[in-house]
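One-letter residues, chain by chain:
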Amino acid sequence: MPDSSYPFQRSVSAPKTSPTHPRSSPPQSSSSVDADSSRKPELWYAATISDHIKVKFGQGFEVREVVTGFESRWVHLGNIAGHVTSPALNKLLAPYQVDTLNAPEPSGKPMTVKVQFTSTAEAMQAVTNLHGTEFMHRNLTAKLAINNSSRGNTVITDTDVHVTWECPQRVGYAGYATLKEAKAVIDAVNGFPMDYTIVSAALYDGLPAVGAYNVMLKQLPANTTEADLRKLGNAESIMLGRPNYPLLDRATKFVRSKLEECGTITSFDVLPPPFKDGMVKAWARFTSPAEARAAQDYLDSRHPSSLGLTTLSCRHVVSMSHVLTHSSYQKMRQDLAWLRWSWQRRFGQTVSISERGNTRGIDDSPVYIRLSSEQEGLLSGLKYEFEQLLHGETITLERKPAWDDFFACPAGFSFVAQLHRQYPGIQIQVQSTRRALSLWGPINLRHRARQDIIRKIMELKSLQFWHIPLAGKLLSIFLSADLTSLQEALGPENCFLDCRKRILVVRGNESAFRAACKAVQMAQSRQGDEACTLVDICPVCFNEPVVSMPLDCGHKWCRICLVGYLTSAVDNKMFPLRCLGDEATCTHCIPLSLARKLLSAADFNAVIEAAFWSYAHSRPEEFHHCPTPNCTQVYRSAPPNAVLQCPSCLVRICPACRIEYHDGLTCKERDVAEDELFKEWASTP
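The paragraphs below set out a description of the structure included in this document. In every chain, residue numbers begin from 1 and rise along the written sequence. Given that the model is predicted, a residue must reach a pLDDT of at least 70 before its local features are reported, and side-chain atom pairs must reach 80 or more before they are shown or counted; all residues, however, enter totals for whole chains, interfaces and linings. Excluding hydrogens and water, the side-chain figures rest on all heavy atoms present in the structure.

## Overview of the overall build of the protein
Selection criterion: Numbered from the N terminus, helices here are DSSP runs of H or I no shorter than four residues, and strands are runs of E no shorter than two. For every residue, the accessible area (1.4 Å probe, protein chains only) is compared with the maximum for its type, and the residue is labelled buried under 20%, exposed over 50%, or partly exposed between those bounds. Contacts: residue pairs with any heavy atoms within 4.5 Å of one another. Only the protein chains shown count as cover for residues, and the accessible areas themselves come from Shrake-Rupley with a 1.4 Å probe.
For the protein, the count of helices and strands is 20 helices and 38 strands. Classification of the 685 residues of the protein by burial places 47% in the buried group. Contacts spanning at least 24 positions in sequence make up 64% of the contacts within the protein whose residues lie at least 6 apart. By element, 52% of the accessible surface of the protein is carried by carbon and sulfur atoms, the whole surface being about 33900 Å².

## With respect to the pairing of strand β29 (residues 465-469)
Going by this rule: Strand pairing is assigned whenever DSSP detects at least two bridges linking the two strands.
Of the two faces of β29, only one is covered, namely that formed by Trp-466 and Ile-468; the face formed by Phe-465, His-467 and Pro-469 stays uncovered. The pairing of β29 with strand β31 (residues 503-507) spans five bridges and is antiparallel. Looking at β31, one finds that Phe-465 is bridged to Arg-507.

## A few points about the state of the cysteines
The cut-off we apply is this: The rule for a disulfide is simple: a pair of cysteine sulfur atoms within 2.5 Å.
Per the stated rule, a full pass over the model turns up zero disulfides. The structure places no disulfide on Cys-538, whose sulfur is separated from the nearest cysteine sulfur, that of Cys-561, by 3.8 Å.

## What to know about the environment of Ile-503
For Ile-503, the location among the structural elements is in strand β31. Note on Ile-503: relative accessible area 14%, which makes it buried. Sequence separation between Ile-503 and Trp-466 is 37 residues; the distance between their C-alpha atoms is 9.7 Å.

## A closer look at the packing of helix α11 (residues 410-422) against helix α12 (residues 443-461)
Formally: To get an axis, a line is fitted to the C-alpha atoms, and for a helix only the part in contact is used. The angle between two axes follows their N-to-C directions and goes from 0 to 180 degrees. Orientation labels follow simple angle bins: below 35 degrees gives roughly parallel, above 145 gives roughly antiparallel, 65 to 115 gives roughly perpendicular, and whatever is left gives oblique. Throughout, a crossing is termed right-handed when the near helix is turned clockwise from the far one, and left-handed when it is turned anticlockwise from it by less than a right angle.
At a minimum axis separation of 11 Å, α11 and α12 run at an interaxial angle of 155°. By the angle between their directions, the pair α11 and α12 is classed as roughly antiparallel. Of the two elements, α11 crosses α12, and the hand of that crossing is right-handed. For the pair formed by α11 and α12, the contact residues are Phe-415, Leu-419 and Gln-422 on the first element and Ala-449, Asp-452, Ile-453 and Lys-456 on the second.

## Points about the sheet that holds strand β36 (residues 644-645)
In spatial order, the strands read β36-β37-β38; together these three strands make up an open sheet with antiparallel pairing. Single-partner strands in this sheet number two, and they are β36 and β38 (659-660). Here strand β37 (residues 652-654) runs beside β38; their pairing, made up of two bridges, is antiparallel. Its bridge partner lying in β38, Cys-654 is registered against Ile-659.

## Topic: helix α3 (residues 120-130)
If you check which residues of α3 are buried, you get Glu-122, Ala-123, Met-124, Ala-126, Val-127, Thr-128 and Leu-130. Downstream of α3 by a residue or two, Gly-132 has a phi angle that is positive, lying close to 85°.

## Side note on the pairing of strand β4 (residues 63-67)
Relative to β4, strand β3 (residues 53-57) runs antiparallel, the two sharing four bridges. Within β4, the position partnered with Lys-54 by the bridge is Val-67. With antiparallel pairing between neighbouring strands as the criterion, β3 and β4 make up a hairpin whose turn holds five residues, including Gly-60 at a positive phi of roughly 70°.

## Section: unusual backbone geometry
Residues Leu-207 and Pro-208 are joined by a peptide bond in cis, for which omega reads -5°. The omega torsion across Pro-273 and Pro-274 is 5°, close enough to zero to call that bond cis. Looking at where Pro-274 falls in the secondary structure, it is placed in the loop between β19 (265-270) and β20 (279-286). For Asp-195, which is not glycine, the phi dihedral falls at a positive 60°. Here Asp-195 lies in the loop between β14 (193-194) and β15 (197-198).

Given below as structure tokens:
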């Protein structure tokens, strides 16, 4: 039987798999204990689903252990008084089972302690009990470490502050006899770098009037002289305002010293001159988020005399750093500029996208992209859109990859080609093995193409499914030319076999159903009444096995029938996968080692993912989806007063409401506020 008879291969993203020894021998059925007692237990296999979910599988792709990306054995305890000693911390943590305690040396500054517990459950219990409690006259913060915060070439940081202040500068006025002379100076000077600033120049009316046509020059370096301005043109008269303050180095040292009063700084980087708009921009990294927030509370909007009483801005930001090759950067450079413009138009300077490194392609060094925001919610949205530009967007429907086998047949290829013509600039990748569709290109065009694809899938899903039973040898007869002919007439995506249930599945209207029934009747007319005399028959095709694959239970399969059975499980989702011998009553699970031997890496990964999602979706009280649209992460139920954070989109979640965390409101208060908002909306004429 050809592989094309089993168009049922899908996964969300290729999981990483590796063998691992089980902590205990997997449970076995009573019918196979004696046969298996002399064999060593099969290895379990570990896989990572959706980048963050750690899963271990036993025989038959049975899920044995799950650790979601929300779970971690590490906890960060913050806002701890700097003089607290290790014995005091040990006493605080005495009710819990602790593996590791990492605490900095006592100092006079608030500190953060990292604690590793013996299990994820123990860590969750500690976070629930300790968060907000008073310890040494300070309210503790307890937060689970984000699982896999370093994702490939992406690093997430929540201990930074963005600091900005005016560079040393002064304003100059120059008067010219003619308008032509004044405009010539403006054209020559506007946007021109002088020392560490970029000068701006414009005509103005008002005082001081220093000539017939007056030019105001802003962001001049503090040490600018009249002689410097006379070099720009033949001015009648020149006047210089007082500088805000004299020296940049002294100001930079002052800012750093004030930041160090708030905590331990691990790095302090000032963007090099010339300074656009006359503003110095710097990044400081602390050892904990609590220290970064303290720096914002202490320094933001102050007007220190060391900066000439100008405004100092200090904002705690969450940021992500991406490392790209120059070729990857070049492909998305225009889209990156559009993304920056779009977000700053909507949210101003609360979000930023900066680029540094090898942006000009001078050598083989990388390009560093930094996404930053003062609000984690905005950063999660910005990260999502950036990664869609970088990696492509996987189209989802109901939080799962949107797919129909229509896209893997000629009619689907034509549909995708039409979208390419309709939306030039996008790229649609059909991944039939993973059963997923990916989109690249400008965001606005992606949105339109995504809508067209979703509409097509919904149209296909609205078609009726018909199930026709195939009893006895009729299944094996129908596996050959009859199925091929019917698939050519109806399309392979609309006609396929479910070997486990021994049925023919047809999708379409009554005309398609009648055509399938006619084909089944024709196959039935050729079916003989003689009983099969073979001792060893394949439990799928009921013929003598071709390239026999014997299982430990004693049943023998055709190699191609077993491969088809394994790959069809992606759609059937009947796990664990057991032998179909003895009229599908055999309880022996298909060994994972055999499945890995028979399947390609992509097909094996597809079954791995299907087994996990089948397991998770069958336990709705245990696993819940992240509330962020298009995020594929799941989390376990947690105590109502816990706060969870998604490792992928960074959104904070209230496990009681199963929505984004509502800061400052209890769940009941949030419900009341929502009801009042609805009543206000309903009463609006």
